[in-house]
Amino acid sequence: MIPALHVVTDDEILARPDFVSLATRVIRAGKGDVALHLRGPHTVGRTLFLHAEALGKEAAFHGSRVLVNDRLDVALAADLSGAHLGQRSVPSEVARKILGPHRLLGLSVHSVEEALAGGGGSVDFLLLGTIFRSATHPGALTGGLARIQEVRGTTDLPLLAIGGMTPERVDPVLTAGAHGVAVLGGIWHSRDPGVATEHFLAELRKGKG
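Residues numbered from 1 in each chain as written. Predicted model: local features only at pLDDT ≥ 70, side-chain atom pairs only at ≥ 80, totals over all residues. Heavy atoms only, no water.

Q: Can you explain the packing of aromatic side chains? Please cite residues and give values.
A: Inspection of every chain in the model, using the stated rule, returns one aromatic pair. With 5.6 Å between their ring centres and 45° between their planes, Phe19 and Trp188 make a pair best called tilted. Taken as a pair, Phe19 in helix α2 (residues 19-30) and Trp188 in helix α9 (residues 185-188) lie far apart in primary sequence, 169 residues in all. Side by side, Phe19 and Trp188 carry an identical accessibility label, which is buried. The ring of Phe132 has Arg169 lying over it, and the distance from NZ or CZ to the ring centre is 4.2 Å. (Phe/Tyr/Trp six-rings, centres within 6.5 Å; stacked < 30°, edge-to-face > 60°. Helix = DSSP H or I, 4+ residues; strand = E, 2+ residues; numbered from the N terminus. Buried < 20%, exposed > 50% of the residue type's maximum accessible area, 1.4 Å probe, protein only. Lys NZ or Arg CZ within 6 Å of the ring centre and 35° of its normal.)

Q: Account for the pairing of strand β3 (residues 65-69), with residues named and values stated.
A: In terms of burial, β3 is a largely internal element, four of the five residues being buried. The sheet contact formed by strand β2 (residues 34-38) and β3 spans four bridges and is parallel. Across the sheet, the residue bridging to Leu36 is Val66, located in β3. In this fold, the crossover linking β2 to β3 by way of helix α3 (residues 45-62) has right-handed handedness. Sheet topology places β3 next to strand β4 (residues 82-85); three bridges connect them, and they run parallel. (Pairing = 2+ DSSP bridges. Right-handed = clockwise from strand over helix to strand, strands pointing away.)

All we've got here are geometric facts, nothing functional implied.
Set out below in structure tokens:
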């Protein structure tokens, strides 16, 4: 089962001295409905591994998932739930061979063409963006709900919408065909990431009936 809420980091978030403590709140608030993405393209492998090792154990206890972006070596070394790929990552079929059949593998896409090219039976879900304007990617072209609907019509894979996600936008995103949402600023830039996680999950559960 693919969690409906994916909480994504960046290098700045990973560098916070209290990151592990904050991420632990997210995991405990989300339990089995949350996947935490350790995304840090400029974060050194040792730091990623130490975070992955600590949070992977916490997630296993609470039934959550921890994925690492791009670093398949870290996913295996820390025995994480899986990994996530971007458009510049190794091909998904190669990553699947490395990870094996039982770990989760996701892929970021931005169009129907990328969704069709990237699925290939190797990935478990697609992270689709950029849906709404986002402070994290201020110059990115946005696709809105129409992009979700377009991609939904071409694949049966679960879609996680990313870009400008707020609790108020969860219902229309689900109605457009998304399985759930992926969030960065709406969680990490809030006063309490654990409480913010609970707010998103409440809307996701409401939207799923």
